[in-house]
Amino acid sequence: MKFMKLGSKPDSFQSEGDNIRYVASESATDIVINVGDVKFYLHKFPLLSKSGRLQKLVATTNDENSDEIYIQDIPGGPAAFEICMKFCYGMVVTLSAYNVVAARCAAEYLEMYETVEKGNLIYKIEVFLNSSVFRSWKDSIIVLQSTRSLLPWSEELKVVSHCLDSIASKASIDSSMVEWSYTYNRKKLPSENGKDPNWNGVRKAVMVPSDWWVEDLCELHIDLYERVIATIKTKGRVSSNIIGEALDAYAMRRLPGLNKGVIQSRDMTKYRSLAETIIWLLPSEKGSVPCGLMLKLLRAAILLECGETERTDLLRRIGQQLDAASVADLLIQAPAGETSMYAVDIVQTLIEEFMRHEQSTRTYLPMENELQEDRDPKFSSDASKILVAKLIDGYLAEISQDPNLPLSKFLGLAEMVSRFPRASHDGIYRAVDMYLKEHPGISKSERKRICRLMDCGKLSAEACMHAVQNERLPMRFVVQVLFFEQMRTTTSSACNSTPELLPGGSHGSSRSTTTNTEGDWDAIATAEDIKALKGELATLRLERHGSDASLNDGTKTDPEKTAKMKGLAMSKILSRVWSNKERNGETSSSDTSESPGSGSVTADETKSTPPRSRRHSVSN
């Protein structure tokens, strides 16, 4: 910190209590100046030689035959007035970033100009400010912070504008040219904290990070911080990503409980204004602000009841980069009074904004999208949709643990992304399974509807193994999983394509002559059913290993024979399942409708199997 000492005489100001100040001198004082609630017993001559205002006040009091002056509105109060009086007496006074603005404003009030006396206080303070304070990074911040209590004087004297320009210019400089001290505690480099594996105990010079200034500005009050960031933006030399990092750090510092979604203060008006200002300062460029920060600000905006404009703007901007969000950030608590734990409606709005943005991008920038795909093979217009689908799958898995979550909200959210491309349906399977676990009382039709969200053909082998052991799933879905697991075990020569088995559909070109009723298919798999299915699944895998071994031995395998073997095994599985259901007394009348999720076996096997009213008949 920079200092400036003025005067050479010893400081002879003394106090009597808290409200009396006087100069220890052989000559008696001849004027009393009341500044606020403090009385100053002083001498006229040294004061009048340097202060134009005191000259006028003394002249007025002499006309009224009084030696007492009252000054109530001097900026900086008694402390700043005392600095000016010590200067008039030639006493030693030290100026620093903490008191220089108050002294400058008080000197202006007292009219301590060069026209009154050469080398007066205003001139000396201006030299100190321009030659030292405004050239110092931290001093400029301290001075700017001190100007808040001295408005409008500090504004009119251009102290605020000089500080803003000084800070913004230094923040905008190339980081390689930074030579002054700064605070940087948020992300210390490994070499700075001794965790660098190549660190040998010798401190090496490190490159100054581009966001070196972020921490120090967090000390500023929000109204000054807003003006600093606006000035930095005006300079145009700091990237929007760094501005976003600065706002992130400031929000974390100034909004207590932001990470936890709880604003720990009763002063809601203060924090509402702060949150709205931060939202207003967010750079407009997409991706410049972490999606997590905007979701935290959205959470704060809801808790603080910020204006509709701020919340709408956040929802729009978050929706544009929803693919960069995390599940934890989406877990926004529902407003008080709602039975559900989480605000699912907000997430639905974010998905709508995401889809609207995707559609507008495809509509207005088709050529740019095609060029980007040509330049970068990894780029795909559907890449963001894949990430959003994965995000929502994870979100559904979390909120499904809420016992008060209505099925309509779960389905509504899941169906919004049902057409989004996915490499795997394991995520939605996990969400569905968790919902069924937490809501065992839902009806058969509801269970069937929720299972329609999943595509059995896109479940991993691990998910299939879990599904065939899952007693919460309808038999319809378990059998469909087995069909697709069977397809995986067939060789490429036996199966030229993967069949599609969708709820309510059939596999193969012909229809089954006898089918099970909806009650059978929607029934929950029993422990015995599951055990039978697991056994047959293991058999299928053993047969696959045997086929692989024969191929390795050079033995040729007949594709038609392999397919027939697989069909026989599948028929055996279904026979076992429905035999178990008959033994358990689960009988129902036959239905002539097409069996949903039916599989394919050879015609010979179909004929050789005795017809049973509850058997799921499968035909080629």
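Residues numbered from 1 in each chain as written. Predicted model: local features only at pLDDT ≥ 70, side-chain atom pairs only at ≥ 80, totals over all residues. Heavy atoms only, no water.

The name that an unreviewed UniProt entry assigns to the chain is BTB/POZ domain-containing protein NPY5, with the source organism given as Tripterygium wilfordii. The UniProt entry for the chain carries the following comment under Pathway (unreviewed entry): "Protein modification; protein ubiquitination." (UniProt positions renumbered as here; feature names shortened; annotations may be inferred.)

(A) Region of the structure containing the sheet that holds strand 4 (residues 31-35). Judged by pairing direction, the sheet is mixed, and its five strands sit side by side in the order 2-3-5-4-6 without closing on themselves. On the outer flanks of this sheet lie strand 2 (13-16) and strand 6 (68-71), each paired with one strand and no other. With direction set aside, neighbouring strand axes in the sheet form an average angle of 20°. Sheet topology note: the strand 2/strand 3 (residues 20-23) ladder contains four bridges and is antiparallel. Bridge pairing in strand 3 links Phe13 to Val23. (Pairing = 2+ DSSP bridges. Helix = DSSP H or I, 4+ residues; strand = E, 2+ residues; numbered from the N terminus. Axes fitted to C-alpha atoms, helices over the stretch in contact; angles between N-to-C directions.)

(B) Geometry of unusual backbone geometry. Here the amide bond leading from Leu151 into Pro152 is cis, since omega sits at 5°, within 30 degrees of zero. Here Pro152 lies in the loop between helix 6 (137-146) and helix 7 (153-156). In this structure, Lys158 takes a positive phi of about 70° despite not being glycine. Turning to its location among the elements, Lys158 is positioned in the loop between helix 7 and helix 8 (159-171).

(C) Spotlight on the pairing of strand 3. Burial along strand 3 is one-sided: the residues Arg21 and Val23 are buried and none of Ile20 and Tyr22 is. The pairing of strand 3 with strand 5 (residues 38-42) spans three bridges and is parallel. Among the inter-strand pairings, Tyr22 is bridged to a residue of strand 5, identified as Tyr41. (Buried < 20%, exposed > 50% of the residue type's maximum accessible area, 1.4 Å probe, protein only.)

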